[in-house]
Amino acid sequence: MMIADLGARAMGLLDPETAHRMTVKALKTGLGPRASKETPRLEINVAGLSFPNPLGLAAGFDKNAEVPNAMLNMGFGFVEVGAVTPRPQAGNSKPRVFRLRDDAAVINRYGFNNDGLEVIAGRLRSRERRGIIGINLGANKDSEDRTEDYVTGVKGLAGLVDFYTVNISSPNTPGLRTLQDKSALSDLLTRVQNARNEASPDTPVFLKIAPDLADEDKADIAEIAQKLALDALIVSNTTIARPESLRSHSAPEAGGLSGRPLFAPSTALLREFYQEVGGVIPLIGVGGISSARDAYEKILGGASLVQLYTALIYEGPALVPQIIDDLIGYLDKDGFRTINEAIGAGHS
Ligand SMILES: Cc1cc2nc3c(=O)[nH]c(=O)nc-3n(C[C@H](O)[C@H](O)[C@H](O)COP(=O)(O)O)c2cc1C
């Protein structure tokens, strides 16, 4: 067992927010694990970007862009930092993140705590530029024009990131998810794309959606995504649902549930979207991935890329190279030469 994995286990004894802060602090020293290696069969082009492998770090781990390069060193093919809001924000009162160990899950209600656009842009400006880094954009809780917050984020980070993610699916900012409604969403994405066209025309815009959508919302999102030629859809954020299977005593806490119980619903939603927009809009599958088998299932279901967060809390950083190695084994088993051939192959 690697020292880093022992560290991850020791962290499990602390309250989750403290453990996370200490992990980020340790990674900042530059002594984090290094597992990057060439895996040509896992290389994939999405939205004009060349990813060295399809496994990314999901938003929320590196909220303040403190350790993007350390996370690339861990072996991730790309890293999404944020969420960032235009102004710094303290987030909700503590405790606001809970481990559901028996369920391999987490509930969080952080509420977009972050250092704000200026500080985060400064960190991204001074980092050594390499790898693929995206930014997860959010809105301030007390903002009068939330749509404008996303435009501000696009402009403020132009030239500093490889993709933008419009995140209107976090459950912890009251009212945010109403931006997923048809006319609000169309207006938001049009304004974001216009800002992007002016500030950083080659930077793709992704949209991250909630797993708790009504059928009508899904149809609207699929329609808008195609009409506006969105560069990718990220499916999905955390869920406000509480499956009956949950056993941990923290299950009734308010917030977004992530990890294993999210795997089935987020993968089902991914498959639905692949049937609607597959081959037109690339999909990024997120939710409950804790093994190469899970990642592969999302790829067969239509994901061009995948991301994870919660499993890293329980498994530690050795999980990343493990998934990457094992993914190649799954390609071999099914006779695929490259990851590209596997995307959506589970739909026939
Ligand atoms: C503690 C925590 C904080 C998160 N913060 C964000 C965030 O700021 N923006 C966002 O889009 N998603 C955020 N997420 C959601 C993740 O990016 C991901 O969509 C979700 O956790 C499902 O993946 P997982 O099951 O692998 O964790 C957060 C998740 C967790 C557990």
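As shown above, the structure is provided for reference.
Computed from a prediction, not measured in an experiment: that's the story for all the values here.

As a further point, take helix α7 (residues 215-227). Residues spaced three or four apart along an α-helix face the same direction, because each turn holds 3.6 residues. Here α7 contains 13 residues, and its C-alpha end-to-end distance of 18 Å stays within 8% of the 18 Å for a straight helix at 1.5 Å per residue. Residues of α7 that are buried: Lys218, Asp220, Ile221, Ala222, Ile224 and Ala225. Considering only its buried residues, α7 is in contact with α6 (182-199), β9 (205-209), β10 (232-235) and α8 (260-277). Looking at the residues trailing α7, positive phi occurs at alanine 229, about 50°.

Burial within strand β13 (residues 303-308) is extensive, with 6 of its 6 residues counted as buried. As judged from the 4 bridges shared by strand β12 (residues 283-286) and β13, these two strands associate in the parallel manner. Counted as the bridge partner of valine 286 is glutamine 307 from β13.

The next subject is the sheet that holds strand β5 (residues 97-100). Pairing is antiparallel across the open sheet formed by 3 strands, whose spatial order is β5-β6-β11. The sheet is open, and its two edges are formed by β5 and β11 (256-259), each paired on a single side. Strand-to-strand, the axes of this sheet are offset by a mean angle of 20°, without reference to chain direction. Sheet analysis places β5 next to strand β6 (residues 105-108), joined by 4 bridges and oriented antiparallel. Opposite valine 97, over in β6, you have asparagine 108 as the bridge partner. Sitting on the sheet, α8 touches β6 and β11, and the angle it makes with β11 is about 95°.

Attention now moves to the site of the ligand. Taken together, 23 residues lie around the ligand, and Ala59, Lys208, Gly259, Gly288 and Thr310 are the ones closest in. Side-chain polar atom of lysine 208 to an oxygen atom of the ligand: 2.8 Å apart, as the coordinates give it. Contacts to the ligand include serine 236, whose backbone N or O atom sits 3.1 Å from an oxygen atom. Its free accessible area being 610 Å², the ligand has 98% of it covered by the protein chains. Among the elements of the structure, β4 (78-84) and β11 are those that each provide at least two residues to the shell around the ligand. When its residues are assigned to classes, the shell around the ligand shows 8 nonpolar, 13 polar and 2 charged.

This part takes up the sheet that holds β10. Read around the closed barrel, 8 strands run β3-β4-β7-β8-β9-β10-β12-β13, paired in parallel fashion. This sheet shows a mean twist of 25° between the axes of neighbouring strands, independent of strand direction. Sheet topology places strand β8 (residues 163-167) next to β9; 4 bridges connect them, and they run parallel. Within β9, the position partnered with tyrosine 164 by the bridge is valine 205.

Inspection of the entire model under this criterion finds 18 salt bridges. Across the salt bridge formed by glutamate 223 and lysine 182, the nearest N and O atoms sit 3.4 Å from each other. Taken together, the residues glutamate 223 in helix α7 and lysine 182 in helix α6 connect sequence positions 41 residues apart. For lysine 182, a relative accessible area of 36% puts it in the partly exposed group. One continuous salt-bridge network, built from bridges that share partners, spans Asp145, Glu148, Asp187 and Arg191.

Residues Leu283 and Gly285 of β12 are buried on one face, and the alternating residues Ile284 and Val286, pointing to the opposite face, are buried as well. Taken together, the 3 bridges between β10 and β12 define a ladder with parallel strand orientation. Note that in β12 the partner of valine 235 across the bridge is glycine 285. Considered for its hand, the β-α-β crossover made up of β12, helix α9 (residues 292-300) and β13 is right-handed.

Generally speaking, nonpolar side chains in soluble globular proteins are found buried as a group. By size, the foremost hydrophobic cluster in this structure holds 96 residues, and its most contacted members are Met71, Phe76, Tyr150, Leu157, Leu207 and Leu233. Among the elements that make up this core, the one with the highest residue count is helix α11 (residues 319-334) (7 residues). With residues near it in sequence (within four places) discarded, leucine 207 still touches Val166, Ile168, Leu185, Leu189, Ile221, Leu230, Ala232, Leu233 and Ile234. Counting residues in hydrophobic clusters, the runner-up holds 7 residues, among them Leu100, Ala105, Ile107 and Ala251.

Looking at where serine 170 falls in the secondary structure, it is placed in the loop between β8 and α6. Separated by 3.0 Å, the side chains of serine 170 and asparagine 167 make a polar contact. If sequence neighbours within four positions are ignored, serine 170 has contacts with Phe112, Leu176, Arg177 and Asn237.

Moving on: α9. Burial analysis of α9 places 7 of its 9 residues in the buried class, which makes it a mostly covered element. Listed as buried for α9 are Ala292, Asp294, Ala295, Tyr296, Lys298, Ile299 and Leu300. Backbone geometry just after α9 places glycine 302 at a positive phi near 125°.

Cut-offs and rules
Residues numbered from 1 in each chain as written. Predicted model: local features only at pLDDT ≥ 70, side-chain atom pairs only at ≥ 80, totals over all residues. Heavy atoms only, no water. Helix = DSSP H or I, 4+ residues; strand = E, 2+ residues; numbered from the N terminus. Expected span 1.5 Å × (residues − 1). Buried < 20%, exposed > 50% of the residue type's maximum accessible area, 1.4 Å probe, protein only. Contact = heavy atoms within 4.5 Å. Pairing = 2+ DSSP bridges. Axes fitted to C-alpha atoms, helices over the stretch in contact; angles between N-to-C directions. Near = heavy atom within 4 Å. Polar contact = N/O pair within 3.5 Å; in protein donor to acceptor, adjacent residues only side chain to side chain. Areas by Shrake-Rupley, 256 points an atom, 1.4 Å probe, with all protein chains shown as cover. Nonpolar A, V, L, I, M, F, W, Y, C, P; charged D, E, K, R; others polar. Salt bridge = Lys/Arg side-chain N within 4 Å of Asp/Glu carboxyl O. Right-handed = clockwise from strand over helix to strand, strands pointing away. Core = buried A, V, L, I, M, F, W, Y, C linked by side-chain atoms within 4.5 Å.

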